[in-house]
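Tertiary structure, described
Residue-level listing of the chains:
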Amino acid sequence: MTARTQRTRLLAAGVAAASLSLALTACSSSKEEGGGAPNATATVSEVKADDKLAALVPADVKSSGKIIVGSDASYAPNEFKDDSGKIIGMDVDLANAIAARLGLKADVQDSQFTAIIPGIQSNKFQLGMSSLTDNKEREQTVDMVTYFNAGSAIAVKKGNPDKISADDLCGKKVAVQTGTTQAQEIVDVRNPACAKAGKPGVVNDGDKFDLQTDVTNAVVSGRDQAMMADSPVVDYAVKQSGGQLEKIGTTYDSAPYGIALAKGAAIAPAIQGAVQSLIDDGTYKQILTKWGVEAGALDKSTLNGAVS
């Protein structure tokens, strides 16, 4: 399975850096960097149902009145918990807007990242919205509706004391979230390149954590020398770290995020249509701008449009 899988951009503007700094120094923390949403707008609450799109919703979903969405709420600014424990973020706002466009409500439920796709296959979730990269491998297991473009990035402690190059992580201790694109990149790309160059590989194929927050904490605390994650998550962590982290190199390997659905799910055309409708009427761009991730905006949503 590929990764949490790629992301791209900035931060939630209203989170208190001081409280986040404290959270980051607690290495065993299992909660996302705290804080609330950026200055809220009425964007999502103003989304109206589209009768033609609502007519595409299967009868069983329509009768329930909701879509159950699996999301790993440890990946700010895309999906994370505020100080009250409420799940917020770019993906959450989009899930709510998609549901509203279809005349439904979104029930976003916290899940371990690696349990999201199995949860879709077992009908626990109808959708997975958790910064999942759309790729050919994943499309063999689930259908994917594209909605965002992101890449991978790397961060180290401020000042880069270990003089790490983004192009050469051989022999370094690198923190990654379990099941992510970046974790797989170490195994499939980074370490073979190190071996070819006659160098030791990334230590232990990467230091893996179930939560992205713990990945960030591992670098801040000095347990690991670098972290790899989706670009918006790295940007967010750097901004909120109170000067404890810095990004090295540039964003690379950009690819679209996809909303995951069961293979052949009858609701897929409605979901794809709702995403495109939100793009067309400007609601989508407003949501991305709210979270500072508008650089990842797409013009067109596709179903199973992976190219690699």
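So, here is what we can say about the structure in this document. As the structure is a prediction and not an experimental result, all values here were calculated from the model.

**Section: the overall build of the protein**
- Across its full length, the protein carries 11 helices and 11 strands.
- Within the protein, the proportion of its 308 residues that are buried is 55%.
- Within the protein, counting contacts between residues at least 6 apart in sequence, those at least 24 apart form 81% of the total.
- With the model as given, the accessible surface of the protein reaches about 12,300 Å², and the carbon-plus-sulfur share is 50%.

**Brief notes about the packing of aromatic side chains**
- Inspection of every chain in the model, using the stated rule, returns 4 aromatic pairs.
- Look at Phe80 and Tyr236: their rings are 5.9 Å apart centre to centre, the planes differ by 55°, and that puts the pair in the tilted class. Pair noted here: Phe80 is in strand β3 (residues 79–81) and Tyr236 is in helix α9 (residues 231–240), with a separation of 156 residues, a long-range link. Each member of the pair Phe80 and Tyr236 is classed as buried.

**Points about the packing of helix α4 (residues 90–101) against helix α11 (residues 283–290)**
- Between α4 and α11, the shortest axis-to-axis distance is 9 Å and the interhelical angle comes to 155°. Considering the angle they form, α4 stands roughly antiparallel to α11. Note on packing geometry: the crossing formed by α4 with α11 is right-handed. The residues of α11 that touch α4, namely those facing Met90, Asp93, Leu94 and Ala97, are Tyr284, Ile287, Leu288 and Lys290.
- Its residues placed into classes, the contact of α4 with α11 shows 6 nonpolar, no polar and 2 charged.

**As for the sheet that holds strand β2 (residues 74–75)**
- The strand order across the open sheet built from 3 strands is β2-β3-β4, with neighbouring strands paired in antiparallel fashion. Two strands close off the open sheet at either side, each with one partner strand: β2 and β4 (87–88).
- Here β3 runs beside β4; their pairing, made up of 2 bridges, is antiparallel. Along β4, the bridge assignment pairs Phe80 with Ile88.

**Description of the side chain of Asp235**
- Looking at the element boundaries, Asp235 is found in helix α9.
- A polar side-chain atom of Asp235 sits 3.2 Å from a polar atom in the side chain of Lys247.

Cut-offs used in this document
- Residues numbered from 1 in each chain as written.
- Predicted model: local features only at pLDDT ≥ 70, side-chain atom pairs only at ≥ 80, totals over all residues.
- Heavy atoms only, no water.
- Helix = DSSP H or I, 4+ residues; strand = E, 2+ residues; numbered from the N terminus.
- Buried < 20%, exposed > 50% of the residue type's maximum accessible area, 1.4 Å probe, protein only.
- Contact = heavy atoms within 4.5 Å.
- Areas by Shrake-Rupley, 256 points an atom, 1.4 Å probe, with all protein chains shown as cover.
- Phe/Tyr/Trp six-rings, centres within 6.5 Å; stacked < 30°, edge-to-face > 60°.
- Axes fitted to C-alpha atoms, helices over the stretch in contact; angles between N-to-C directions.
- Parallel < 35°, antiparallel > 145°, perpendicular 65-115°, else oblique.
- Left-handed = near helix turned anticlockwise from the far one by under 90°.
- Nonpolar A, V, L, I, M, F, W, Y, C, P; charged D, E, K, R; others polar.
- Pairing = 2+ DSSP bridges.
- Polar contact = N/O pair within 3.5 Å; in protein donor to acceptor, adjacent residues only side chain to side chain.

Everything listed is a geometric property; what it means functionally is a separate question.
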